[in-house]
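Each chain is listed here by its residues.
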Amino acid sequence: MISISELTGKTYIDEDCVFFRNLYQCAFYIDHHVMPIDMFTDGNGKLVMVFDRKQHNELIKLWVANKDIRNNSEK
């Protein structure tokens, strides 16, 4: 499906993207210079950020590797 970002007006293909509601993960991606393609609220009023799947595939390993660091800092 093709979607149009209400923020930028640009189109993107949903299958080429990942959709996150986890704001910690979104902040992690942004901190690593991966910017969201789109942002909207879902039917439950939760914020959803859309990221490019190729960039996600490059960064997800680092996100998982830092899981222990994140868990320890939350204690």
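All of the points below concern the structure found in this document.

### Structural notes on the overall build of the protein chain
Part 1: Check the secondary structure of the protein chain and you find 3 helices and 5 strands.
Part 2: In sequence order, the protein chain lays out its α and β elements as β-β-β-α-β-β-α-α.
Part 3: Across the 75 residues that make up the protein chain, the buried fraction comes to 29%.
Part 4: Approximately 5500 Å² of the protein chain is accessible, and the part contributed by carbon and sulfur atoms is 55%.

### Here's the deal with the pattern of salt bridges
Part 1: Taken as a whole, this structure holds 1 salt bridge when the rule is applied.
Part 2: The closest approach of N and O atoms between Arg 21 and Asp 42, which form a salt bridge, is 2.8 Å. One end of the pair, Arg 21, is in the loop between strand 3 (17-20) and helix 1 (23-31); the other, Asp 42, is in the loop between strand 4 (38-41) and strand 5 (47-52), and 21 residues separate them in sequence.
Part 3: Since its relative accessible area comes to 46%, Arg 21 is described here as partly exposed.

### Some remarks on the side chain of Asp 14
Part 1: Tracing the backbone shows Asp 14 in the loop between strand 2 (11-13) and strand 3.
Part 2: The buried charged residue Asp 14 lacks any salt bridge partner; its closest oppositely charged side chain belongs to Arg 53, at an N-O distance of 9.4 Å.
Part 3: Setting aside residues no more than four positions away along its own chain, Asp 14 makes contact with Met 1, Ser 3 and Phe 19.

### Considering the packing of aromatic side chains
Part 1: Under the counting rule described, the total for this entry stands at 6 aromatic pairs.
Part 2: A centroid spacing of 5.2 Å and a plane angle of 65° characterise the contact between Phe 28 and Trp 63, whose relative ring orientation is edge-to-face. Remark: Trp 63 occurs in helix 2 (residues 53-65) and Phe 28 occurs in helix 1; sequence separation between them is 35 residues.
Part 3: Looking at Phe 28, the relative accessible area reads 12%, which means it is buried.

### Digging into the sheet that holds strand 4
Part 1: Strand order in the open sheet formed by 3 strands is 3-5-4, and the pairing between neighbours is antiparallel. The open sheet has two free edges, formed respectively by strand 3 and strand 4, since each of these has just one partner strand. For this sheet, the mean inter-axis angle between neighbouring strands, taken without regard to orientation, is 25°.
Part 2: Where strand 3 and strand 5 come together, 4 bridges link them in antiparallel fashion. Bridge pairing in strand 5 links Phe 20 to Met 49.
Part 3: Along the sheet face, helix 1 touches strand 3 and strand 5 and points at about 40° away from the line of strand 5.

Thresholds, definitions, all that
Residues numbered from 1 in each chain as written. Predicted model: local features only at pLDDT ≥ 70, side-chain atom pairs only at ≥ 80, totals over all residues. Heavy atoms only, no water. Helix = DSSP H or I, 4+ residues; strand = E, 2+ residues; numbered from the N terminus. Buried < 20%, exposed > 50% of the residue type's maximum accessible area, 1.4 Å probe, protein only. Areas by Shrake-Rupley, 256 points an atom, 1.4 Å probe, with all protein chains shown as cover. Salt bridge = Lys/Arg side-chain N within 4 Å of Asp/Glu carboxyl O. Lys, Arg positive; Asp, Glu negative; His and termini not counted. Contact = heavy atoms within 4.5 Å. Phe/Tyr/Trp six-rings, centres within 6.5 Å; stacked < 30°, edge-to-face > 60°. Pairing = 2+ DSSP bridges. Axes fitted to C-alpha atoms, helices over the stretch in contact; angles between N-to-C directions.

Bear in mind that shape data such as this cannot, by itself, settle questions of function.
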